[in-house]
Amino acid sequence: MIKTVSIHWFRRDLRLQDNAALYHALKAGLPLVPIFIFDTNILNKIEDKRNLQVSFIYQQVKRLHQELQNMGSTLEVYYGSPEEVFSLLAKKYNLKSVYTNNDYESYARLRDAKVSDLLLAQGIQFYSYKDQVIFEKDEVVKDDQKPYTVFTPYSKKWKSKLNDFYVSPYDVDKYLVNLHKQTPYALPCLESMGFELHLLDYPTQYLQASVLATYHETRDFPAIEGTSRLGVHLRFGTISIRNLVSEASSSTNEVFMNELIWREFYQCITWHFPHIGRGEAFKIKYDGIKWRNIESEFARWQEGQTGYPMVDAGMRELNATGFMHNRVRMVCASFLSKHLLIDWRWGEAYFESKLLDFDFAANNGGWQWASGSGCDAAPYFRVFNPSLQAKKFDPQLTYIRRWVAEFQEFTYPKPMVDHAAARLRALDAYATALK
């Protein structure tokens, strides 16, 4: 006899605790089957088969698989397109409903619409909940119901709405008894999907009290461990945003809280302005810029061989570790789009391929901010001077020495472009396009 069940579909919420959709699915009472899908629509587009994010996801899925196994249940892990997998599941079980958490990116919205239609055609309900942000969609908008495109007023409205209701955790433990009890489902190896497992020393998923206390003083200095390094955990939901905002609120460190709000601001921009998900500039007129797009120069930037130590340190750190300090990300992005006049989308794609904490909304927002084409962006005539940035934020050259040990040797390349000349060239190109 086919078992009557509901399903929780894990995606950007790889945890059992304080998980909105998982809570509602368990509370509904039917035996609940947890699943995860290694989505071939996404994986087939990844060229680097040692991709750090894929390895991170696999290790978190393996952890969930073990946690559920310890409870007498299991995580059913599939490799394929979501439509194929749910067609299979609808035959395997008498499936009543599917629960998952909201995602706001273009592909995710299209995917969920297709899956929902497929399920509803068979009388299966599809429920989706807010989980990875405090406020979503139209919850923080202007008085005229239009979305904010400037951060400061958005953040003020966001803070004015915040109260205990929005950060109250979901008591998943109370209903774990409703997990479907079954023998462990075999976990496919990553190699069978064409990827190589890359074991890294991943950042801790706990907010360090010492970091939070001094965050406003240390966050801009890449030589100091002054940032939370929680980006990858927020990206894949291995921590709860509600818990993190509660911690930030109790600390009264407004600078750290603002960084969490920036993340939500960019998520809302992604939701309200889907054209950015199609590779377009937020400010459409910026797509008229005549980029130089010289591949040999792009390659030097990728390899950390520009002759500007701060830029080169950042790129080498990224290539070696999958991480780059946020201050340095701005310097590297500005250098590519302004000094070299290379389309910011080239850099955005490169960061996507390398960053462990890659998140479309934040990555796109950061690149468009640096290039001047985004919402609430730096004016196009602001061109970071990499040498001055190094003096200000790495005055002892500690960070630079760590990644560019030869920067004072004759073997180190000369700057590939003069800052003053490059700045004037960028201003002219931008001014011409924006007439």
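Every value quoted in this text rests on a predicted model; they were computed, and no experiment measured them.

A. Fine view of the pattern of salt bridges. Counted under the stated rule, the structure contains 23 salt bridges. Here Arg50 makes a salt bridge to Glu196, at a shortest N to O gap of 3.3 Å. One end of the pair, Arg50, is in the loop between helix H2 (40-43) and helix H3 (52-70); the other, Glu196, is in the loop between helix H7 (164-167) and helix H8 (209-218), and 146 residues separate them in sequence. Take Glu196: its relative accessible area is 40%, and that puts it in the partly exposed class. Ionic pairing is found between Arg278 and Glu280, a salt bridge with its closest N-O pair at 3.7 Å. Owing to a relative accessible area of 56%, Arg278 belongs among the exposed residues under this scheme. Among the charged side chains, a salt-bridge network with shared partners connects Arg12, Asp103, Glu105, Arg235 and Asp359.

B. Quick peek at the sheet that holds strand E2 (residues 32-39). Taken together, five strands build an open sheet; the order of strands is E3-E2-E1-E4-E5 and the sheet is parallel. Among the strands making up the open sheet, the edge pair consists of strand E3 (76-80) and strand E5 (125-129). Across this sheet, the average inter-strand angle for adjacent strands is 30°, counted without regard to direction. As paired strands, E2 and E3 are joined by five bridges and run parallel to one another. From the neighbouring strand, Phe36 faces E3, where its bridge partner is Val77. Helix H1 (residues 20-27) contacts strand E1 (4-10), E2, strand E4 (94-101) and E5 of the sheet and is inclined by roughly 155° relative to E4. Sitting on the sheet, H3 touches E1, E2 and E3, and the angle it makes with E2 is about 165°.

C. Just the nonpolar core, in detail. Counting 79 residues, the largest nonpolar core has Trp158, Leu260, Trp301, Met315 and Phe351 as the members making the most contacts within it. In terms of residue count, helix H11 (residues 254-272) provides more of this core than any other element does, eight residues in total. Among residues more than four places away in sequence, those in contact with Met315 are Trp301, Gln302, Gly304, Met324, Cys332, Tyr350 and Phe351. With 34 residues, the next largest nonpolar core counts Phe38, Leu52, Val77 and Phe236 among its residues.

Rules of the game
- Going along each chain's sequence as written, the residues are numbered from 1 onward.
- Confidence filtering applies because this is a predicted model: local features only for residues at pLDDT of at least 70, side-chain atom pairs given and counted only at 80 or more, and all residues used for totals across whole chains, interfaces and linings.
- Based on all heavy atoms of the structure, the side-chain values leave hydrogens and waters out of the count.
- The term salt bridge refers to a pairing of a side-chain nitrogen on Lys or Arg with a carboxyl oxygen on Asp or Glu at a separation within 4 Å.
- In this text, helices come from DSSP runs of H or I with a minimum length of four residues, and strands from runs of E with a minimum of two, each type numbered from the N-terminal end.
- Partly exposed describes any residue whose relative accessible area lies between the buried limit of under 20% and the exposed limit of over 50%, with all areas from a 1.4 Å probe on protein chains only and scaled to the type maximum.
- Only strands joined by at least two bridges in the DSSP assignment are considered to pair.
- Between the N-to-C directions of two axes lies an angle of 0 to 180 degrees, each axis being a line fitted to C-alpha atoms and, for a helix, fitted only over the stretch in contact.
- Contact criterion: two residues are considered in contact whenever any of their non-hydrogen atoms come within 4.5 Å of each other.
- As used in this record, nonpolar core signifies buried Ala, Val, Leu, Ile, Met, Phe, Trp, Tyr and Cys residues forming a set joined through side-chain atoms within 4.5 Å.

By themselves, these observations are geometric and do not establish any function.
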